[in-house]
Amino acid sequence: MIKPKDTVFEVIKEIPADAMVSLSFKQLREFESRLKDEVIYYSLKHKEKTKDYQRAVLALRWVQGIIRIKTMDTMKGPKNG
């Protein structure tokens, strides 16, 4: 496995929260997939938890939280009445 040039954490920290919510599910799932790969990469490379590993886990939790928020919003649907 080759270390990515720019980590997903570095990409995500530049995106404002309201813009993250407006991303499509496909884009968010792509971020989630790349973050899972990074977490695996860092956990296999180092026995101890490094700063890069912790940032990857933090970014993964952030993206998963955004996905949950979007899912809850779409499940509510438009209010009738």
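So, how was this worked out
- Numbering of residues starts from 1 in every chain and runs along the sequence as written.
- Under the rules for a predicted model, residues below a pLDDT of 70 receive no local features and side-chain atom pairs below 80 are neither given nor counted, while totals for whole chains, interfaces and linings still include all residues.
- The basis for every side-chain value is the complete set of non-hydrogen atoms in the structure, without hydrogens or water.
- By nonpolar core is meant a set of buried Ala, Val, Leu, Ile, Met, Phe, Trp, Tyr and Cys residues that side-chain atoms within 4.5 Å join together.
- Here's how the labels work: a residue is buried when its accessible area is under 20% of the maximum for its type, exposed when over 50%, partly exposed in between, all with a 1.4 Å probe on protein chains only.
- Numbering goes from the N terminus for both helices and strands, where a helix is a DSSP run of H or I of at least four residues and a strand is a run of E of at least two.
- Residue contacts are defined here by distance: any two heavy atoms, one from each residue, within 4.5 Å place the two residues in contact.
- Fitted lines through C-alpha atoms give the axes, limited to the stretch in contact for helices. The angle between two N-to-C directions lies from 0 to 180 degrees.
- When an angle is under 35 degrees it counts as roughly parallel; over 145 it counts as roughly antiparallel; between 65 and 115 it counts as roughly perpendicular; any other value is oblique.
- In this scheme the handedness of a crossing depends on how the near helix is turned from the far one: anticlockwise by less than a right angle means left-handed, clockwise means right-handed.
- Each residue gets one label: Ala, Val, Leu, Ile, Met, Phe, Trp, Tyr, Cys and Pro are nonpolar, Asp, Glu, Lys and Arg are charged, and the others, such as Gly, are polar.

Caption draft 1: Expanded view of the nonpolar core. Counting residues in hydrophobic clusters, the biggest one holds 19 residues, and the most contacted among them are I12, M20, L28, F31, L35, V39 and V63. Residue assignment for this core shows that the elements contributing at least two residues are helix 1 (8–12), helix 3 (25–45) and helix 4 (51–76). With eight residues, the single largest contributor to this core is helix 4. Those residues in contact with V63, other than ones at most four positions away along the chain, are I12, M20, L28, F31, E32 and L35.

Caption draft 2: Structural context of the packing of helix 3 against helix 4. Where helix 3 contacts helix 4, the axes come no closer than 9 Å and their chain directions differ by 155 degrees. Judged on the interaxial angle alone, helix 4 and helix 3 are roughly antiparallel. Classified by chirality, the crossing of helix 4 by helix 3 is left-handed. In terms of residue class, the contact of helix 3 with helix 4 is built from 14 nonpolar, four polar and six charged.

Such coordinate-based values are descriptive only and should not be taken to indicate function.
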